[in-house]
Amino acid sequence: MELVSQLVLIAVSAAIINNFVLHYFVGICPFLGVSRRVDMAFGMGCAVTFVISVAALLSWLCTEYILRPGAPLTSWLTGNPEADLSILNYIVYIFVIASSVQLVEMYLRKFFPPLYKSFGVFLPLITTNCAILFACLEIMKHVSIGAGAGAWGGGGGEKWGLAAAMVLAIAGGVGFTIAIVIMAGIREDLDHCDVPKPLQGAGITLLVAGILALAFMGFSGVDSNLKKAISPQDPPAATATTPGDPTEGDPSP
Amino acid sequence: MANDGPAPLERFLNGILPENPVYRQLLGMCPTLAVTGNMKAAMTMSAAVMFVMICANLITSSIRHLLKPHLRILVFVLTIATFVTIADRVLAAYLYQMSKELGPYIPLIIVNCIIICRCEVCASRQGLGAAAFDAVGQSIGFALALASIATVREILGAGTWFGITLLSESWWPVWGIMVLPPGAFITLGFLLGGVNWLSMPRGKKSAGCGVR
Amino acid sequence: MKDSYLGQAWLVLSLALVFGAALAGVQAGLSGRIADNKLNETYDQIPYLLDLIDDDGNVTVEITVKIWRTPDDKLAYQAVDPNGQAVGWVIKGVGPGFQDRIELLIGLDPEAETITGLFVLDQKETPALGNRILEDWFREQFVGKDATKGVVVTRASPVAADNEVGAISGATISSLAVGDIVNAAVKDFRARKGDLELKD
């Protein structure tokens, strides 16, 4: 039960609250470039989600068994229980990503030719999509360093297992797809608008993205309430005594 | 292979405005939006990018005759990832708070298209001098772009610049939104529009007004 | 066949060797410093959290720090004065805030019955609203609260009961989150104190 609630929280947080594109700004390049048509954007989103999952699986395995301080395989090979290869993290991740793109490409070409045809154009671009490296880095933070390591009260300090890593990756990919598809829909309509000349292209896209990000900010705080809702074992003492709207105001000027 | 590209000085100047990585090439958008909430973070990021870009350009340029065409991207990525790791560790050792604040955006320099693009376009074709000038020019262009966005966001969003209070809180209601993600998108959108407007051919514009 | 592979790959392989050596050098030179930075982040706050600072900002009691751990790697920092007398505990608590995770350091008296201080180690709350949890007046409200009962964050002002803490107006969720993290961490620590063993 605890695992399920952890996974739900990770998924909601990665896909909506802290959306990869609109909160962390990763994957902006395809967001600005590719998102002109809804079907293309959806294809790109699916390809990214697919690659992100493969890369997350591989990088979780590498981090857990080879790279993190005290990883079993490294300790066994070197005979030093505190062996630490984390300095190689970034190099390993970027090669894991490059090879998973290759792997996905070959696999699709062999077994799912129609899918390959629709993804094909996007696949090589994905290697330099920050969203994938970002997902690997988030996983690293929670597996290797153990964000909030040594913390009490079990509030997200626990180390991530494979399930959590995969959920983060898939939810992150879904969040990317949501953002890029919404953007493509808006841009299809923007074609019929009279945009001032200097703002045409990237300028207006960024302004629209700003408004989208503002809308997505409305989801903030959902996770802490969701956590209370799914883990009702002991209601924490710190609840507001005054009922009413507890949301933080939108700080726009 | 002879030096057939633009001269070193031209490369340097190109990076600052005519081929500015952010405003003209729209590359490296991720750090441009993510770390420009305040000047200190933006300048630390620019310094890290400058270090990585200079080292990567110099190494690529010095081994350019040995590169096999189909292995060149692999070599670029290996070089960049190594120097990013070094920059990341140095920051964690000497500027710990800043390295915590920048978090994943330092390792994300690896997939920053600016650096791979410069290795490919300039350093793998031209000599050490041109490559070095190119890297410095491009990274100064990048730093100026980051500085322009960070200036707007920090002054409006926190009333400070480099941590120095400019707009007193007694009469300036800080626009908190400017240091949040939406502020980043909107600021960059307007600045991009502004740069495009400034560099539009003047004659054409007055002709457009004259039609009425 | 082998020759052609080597002929193509020798540059990549030798670069990998050179870069590997460079990284090993960086690791050897800096890893100690980075580890110190991580520890000092907590250590530097201990005198403030245990109220060992006088009005002029000087440390009143020289302390040494003992690190204790549970079998599942939860850490507790115990401050000990020169006579070997325990001065207090510092523990870390983590939980979701309004935007992202909030990391707190909580100071407790030697019996873990009273909260002696609160420090926000890491937060990404909304600037000018949620990030006012960093402000002294908010954090100082937690000092002296009974750790056995837990704190109650309230929007009523002025606060009525002993264990109540006033929320920041406009940032109720962030304030509640801080209260929840403190309560959960203190409760967990008090329940598991018996499992602690000295590290190293």
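Think of each chain on its own: its residues are numbered from 1, step by step along the sequence as written. Lettering for chains starts from A, numbering for ligands starts from 1, and both go in the order in which the items are written. Local features in this predicted model are restricted to residues whose pLDDT is 70 or higher, and side-chain atom pairs enter the listing and the counts only when it is 80 or higher, whereas totals over whole chains, interfaces and linings include all residues. Hydrogens and water are ignored here; the side-chain numbers use all heavy atoms of the structure.

Looking at an unreviewed UniProt entry, chain B carries the name Electron transport complex subunit RsxE, with the source organism given as marine sediment metagenome.

Going by the annotation in an unreviewed UniProt entry, the name recorded for chain A is RnfA-Nqr electron transport subunit, with marine sediment metagenome given as the source organism. As its UniProt record puts it under Subcellular location (unreviewed entry), chain A is described as follows: "Endomembrane system". UniProt positions are given in the numbering used here, feature names are shortened, and annotations may be inferred rather than shown by experiment.

## Here's the deal with the overall build of chain B
Secondary structure elements are defined from DSSP: runs of H or I of at least 4 residues count as helices, runs of E of at least 2 residues count as strands, and each element is numbered from the N terminus. The helix and strand tally for chain B stands at nine helices and two strands. For chain B, the α and β elements follow one another from N to C terminus as α-α-α-α-α-α-α-β-β-α-α. By principal-axis analysis of the C-alpha atoms, chain B measures approximately 60 × 60 × 25 Å. Using a 1.4 Å probe on the protein chains alone, a residue whose accessible area is under 20% of its type maximum counts as buried, one over 50% counts as exposed, and one in between counts as partly exposed. Across the 212 residues in chain B, those meeting the buried criterion constitute 54%. Sequence separation of 24 or more characterises 75% of the internal contacts of chain B that already satisfy a separation of 6 or more. Note on areas: these come from Shrake-Rupley sampling with a 1.4 Å probe, and a residue is covered only by the protein chains present in the view. Looking at chain B as shown, the accessible area adds up to about 8600 Å², and 70% of this sits on carbon and sulfur atoms. Charged residues are defined here as Lys and Arg on the positive side and Asp and Glu on the negative side; His and the ends of the chain fall outside this count. A charged residue contributes its charge at one atom only: NZ of Lys, CZ of Arg, CG of Asp or CD of Glu. The positive charge centre, built from 15 side chains, and the negative charge centre, built from 9, are 7 Å apart in chain B. The contact criterion used is simple: two residues touch if any of their non-hydrogen atoms lie within 4.5 Å.

## Observations concerning the UniProt feature "transmembrane region" (unreviewed entry) in chain A
Within the UniProt annotation, "transmembrane region" (unreviewed entry) is assigned to residues 6-34, 41-67, 87-108, 120-140, 160-186 and 198-219 of chain A. Note that residues 41-67 of chain A is 100% helix and 0% strand, and that its end C-alpha atoms are spaced 35 Å apart.

## Some remarks on the interface of chain B and chain A
When the parts come together, some accessible area is lost, and that loss is often what is quoted as the size of the interface. Facing the 40 residues of chain B at the interface are 37 residues of chain A. Buried area is a sum: the accessible area each of two parts loses on coming together, probed at 1.4 Å, counted once for each and added. The junction of chain B with chain A conceals about 3300 Å² of combined surface from both sides, 83% of it contributed by carbon and sulfur atoms. Salt bridges are defined by distance alone: a side-chain nitrogen of Lys or Arg within 4 Å of a carboxyl oxygen of Asp or Glu. Applying the counting rule to chain B against chain A returns zero salt bridges. Within the residue set of the side of chain B that touches chain A, elements represented by two or more residues are α2 (29-34), α4 (72-94), α6 (113-123) and α8 (181-198) of chain B. In terms of residue count, the dominant contributor to the side of chain B that touches chain A is α8(B) (12 residues). Here the residues of the side of chain B that touches chain A are counted per class, giving 31 nonpolar, six polar and three charged. Only Asp, Glu, Lys and Arg are considered charged, only Ala, Val, Leu, Ile, Met, Phe, Trp, Tyr, Cys and Pro nonpolar, and every remaining residue, Gly among them, polar.

## Side note on the nonpolar core
Residue types Ala, Val, Leu, Ile, Met, Phe, Trp, Tyr and Cys, when buried and joined through side-chain atoms within 4.5 Å, form a set referred to as a nonpolar core. Among the nonpolar cores identified, the biggest contains 136 residues, and Leu22(A), Val26(A), Ile28(A), Phe31(A), Ile126(A), Leu108(B) and Phe185(B) are the most heavily contacted of them. Among the elements that line this core, the one with the most residues is α4(B), at 13 residues. The contacts of Ile28(A), once residues within four sequence positions are left out, are Val21(A), Met29(B), Leu33(B) and Phe185(B). Listed in part, the 29 residues of the second largest apolar core include Trp152(A), Ala112(C), Leu118(C) and Val182(C).

## Digging into the pairing of strand β5 (residues 115-122) of chain C
All names here are of chain C. Judged by how many residues are buried, β5 sits mostly within the fold: six of eight residues are covered. One ladder, built from six bridges, connects strand β4 (residues 101-108) with β5; its direction is antiparallel. What sits directly across from Ile-106, in β5, is Leu-118. In short, DSSP must find at least two bridges between two strands for them to pair. Counted between consecutive antiparallel strands, the loop separating β4 from β5 contains six residues, among which Ala-112 sits at a positive phi close to 60°.

## Examining unusual backbone geometry
Backbone geometry places Phe25(A), a non-glycine residue, at a positive phi of 65°. Its location among the elements puts Phe25(A) in the loop between α1 (2-17) and α2 (28-33). Here the phi dihedral of Asp51(C) falls at roughly 60°; this positive angle occurs in a residue that is not glycine. Summarising the element assignment, Asp51(C) is placed in the loop between α2 (46-49) and β1 (64-69).

## Focus on helix α3 (residues 39-62) of chain B
Each residue after the first adds 1.5 Å to the expected span of a helix. For α3(B), with 24 residues, the first-to-last C-alpha span of 34 Å sits near the 34 Å given by 1.5 Å per residue. Think of a polar contact as two N or O atoms within 3.5 Å of one another; within protein, one of them needs to be a possible hydrogen donor and the other a possible acceptor, and neighboring residues in sequence only count if both atoms come from side chains. Where α3(B) begins, one side-chain oxygen reaches toward the backbone nitrogen of Lys40(B), 3.3 Å away; that side chain belongs to Asn38(B).

## Some thoughts on the pattern of salt bridges
Scanning all chains against the criterion turns up 14 salt bridges over all chains. The salt bridge involving Glu138(A) is made with Lys141(A); its shortest N-O contact spans 3.4 Å. Linking Glu138(A) with Lys141(A), this pair stays in helix α8 (residues 130-145), spanning three residues, or about one helical turn. When its relative accessible area of 12% is taken as the criterion, Glu138(A) is described as buried. The network of salt bridges with common partners includes Glu19(B), Arg118(B) and Asp134(B).

## Some thoughts on the UniProt feature "transmembrane region" (unreviewed entry) in chain B
Mapped onto this numbering, the UniProt entry annotates "transmembrane region" (unreviewed entry) at residues 41-59, 71-96, 102-119, 131-152 and 172-198 of chain B. As annotated, residues 71-96 of chain B comprises 92% helix and 0% strand, and the C-alpha atoms at either end are separated by 36 Å.

## Considering the environment of Val51(A)
Residues and elements named next belong to chain A. Its place among the elements puts Val-51 in helix α3 (residues 38-67). With relative accessibility at 0%, the residue Val-51 sits in the buried group. Spatially, the C-alpha atom of Val-51 lies 9.1 Å from that of Thr-127, the residues being 76 residues apart in sequence. When near neighbours in sequence (up to four residues on either side) are disregarded, Val-51 contacts Val-101, Val-104, Leu-123, Ile-126 and Ile-132.

## Considering the packing of aromatic side chains
Pairs were defined over the aromatic rings of Phe, Tyr and Trp, the Trp ring being its six-membered one, requiring ring centres within 6.5 Å. Orientation was assigned from the angle between planes: stacked under 30 degrees, edge-to-face over 60, tilted for the rest. For the structure shown, the criterion picks out 16 aromatic pairs over all chains. Between the aromatic rings of Tyr107(A) and Phe112(A), the centroid separation amounts to 6.0 Å while the plane-to-plane angle is 55°, which identifies the pairing as tilted. You can call Phe112(A) partly exposed: its relative accessible area is 40%. Between Trp137(C) and Phe138(C) the ring centres are 6.0 Å apart and the planes differ by 80°, which places this aromatic pair in the edge-to-face class. A relative accessible area of 39% means that Trp137(C) is categorised as partly exposed. Three or more aromatic residues joined by ring pairs form one cluster here, namely Phe20(A), Tyr24(A) and Phe134(A).

## Thoughts on the confidence of the model for chain A
Detailed reading of predicted coordinates is not advised where the pLDDT is low. Residue and element names in this part refer to chain A. What pLDDT conveys is the predictor's confidence in a given residue, as a value from 0 to 100. Of the residues in chain A, 83% reach a pLDDT of 70 or more, and the chain-wide mean stands at 81. Of all the helices and strands in chain A, helix α7 (residues 123-126) carries the lowest mean pLDDT, 74, while helix α9 (residues 162-190) carries the highest, 92. Counted against residues more than four places away or in other chains, residues 234-253, with its pLDDT under 50, gives 51 contacts.

## Here's the deal with the environment of Leu71(B)
Its location among the elements puts Leu71(B) in the loop between α3 and α4. Along the sequence, Leu71(B) and Glu169(B) sit 98 residues apart, while their C-alpha atoms lie 56 Å from each other. If we ignore the near neighbours within four places in the chain, the residues touching Leu71(B) are Gln8(C) and Val12(C).

## Concerning the confidence of the model for chain B
All names here are of chain B. Confidence along chain B averages 85 in pLDDT terms, with 92% of residues attaining 70 or more. Per-element confidence in chain B is highest for α3, whose mean pLDDT is 94, and lowest for helix α9 (residues 202-210), whose mean pLDDT is 44. This stretch, residues 204-212, has a pLDDT under 50; its non-local contacts, to residues over four places away or in other chains, come to three contacts. Reported confidences for the modelled complex are a pTM of 0.85 and an ipTM of 0.84.

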